[in-house]
Amino acid sequence: MLIFGQAGSVDRGALQYDLSAMQHLCVREGFVVLGVATACLSTALGSMFGSARIMQAIARDRIFPLSFFAHGAAHGDEPRRAIVLSYTVAQASLPHRGTRNLPRSPQGPLVSPRRPASSSAASTRSRPS
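Reading the values: the criteria
Residues numbered from 1 in each chain as written. Predicted model: local features only at pLDDT ≥ 70, side-chain atom pairs only at ≥ 80, totals over all residues. Heavy atoms only, no water. Helix = DSSP H or I, 4+ residues; strand = E, 2+ residues; numbered from the N terminus. Buried < 20%, exposed > 50% of the residue type's maximum accessible area, 1.4 Å probe, protein only. Areas by Shrake-Rupley, 256 points an atom, 1.4 Å probe, with all protein chains shown as cover. pLDDT = per-residue confidence, 0-100. Contact = heavy atoms within 4.5 Å. Salt bridge = Lys/Arg side-chain N within 4 Å of Asp/Glu carboxyl O. Patch = residues over 30% accessible without salt bridge, like charges linked within 9 Å, V, L, I, M, F, W, Y side chains within 5 Å.

So, on to the overall build of the protein chain. The number of helices and strands found in the protein chain is six helices and zero strands. Listing each helix as α and each strand as β along the protein chain from the N terminus yields α-α-α-α-α-α. Considering the protein chain as a whole, with its 129 residues, one finds that 13% of them fall into the buried category. Per element, the accessible surface of the protein chain, about 11100 Å² overall, is 62% carbon and sulfur.

Right, let's get into the confidence of the model for the protein chain. Mean pLDDT over the protein chain works out to 76, with 72% of the residues at or above the 70 mark. By mean pLDDT, the top-scoring element of the protein chain is helix H4 (residues 30-60) (88), and the lowest-scoring one is helix H6 (residues 119-124) (47). In the model, residues 119-127 has pLDDT below 50 throughout and makes two contacts with residues more than four positions away in sequence or in other chains.

Inspection of the entire model under this criterion finds two salt bridges. Glu 78 is the partner of Arg 53 in a salt bridge, and the nearest nitrogen-oxygen pair spans 3.3 Å. Residue Arg 53 is found in helix H4, and its partner Glu 78 is found in the loop between H4 and helix H5 (80-93); the two are separated by 25 residues along the sequence. Take Glu 78: its relative accessible area is 29%, and that puts it in the partly exposed class.

Attention shifts here to a nonpolar patch on the surface. A contiguous nonpolar surface patch, about 360 Å² in accessible area, is contributed by Val 27, Phe 31 and Leu 34. Looking at the element boundaries, Leu 34 is found in helix H4.

Now the structure itself:
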């Protein structure tokens, strides 16, 4: 429904080239960022808890010698040991040095294509004599 609504109300160029078209159409621009952050967090937590439950099942079936992770919490049988291991592995695999060492594009960061300057902005530029 959202796709059809945007297709009927936004011009084709904006949908193709404007990377922040959703933010411009939203009531509050922060809602889009909040929605993306929430979706990322939900996916990360689902993966972490899912892998912990799988690790607990593998340990209980004695497929690998992981008997320490076979036991869950006393109430609800939550795989807390496996969750701690999943969290530790996830944190160890993240690059802690940031993005400063990543190769840069010659055009700079990912941005929407430049729009032509308006006539007032073009007339205020200094021209070489």
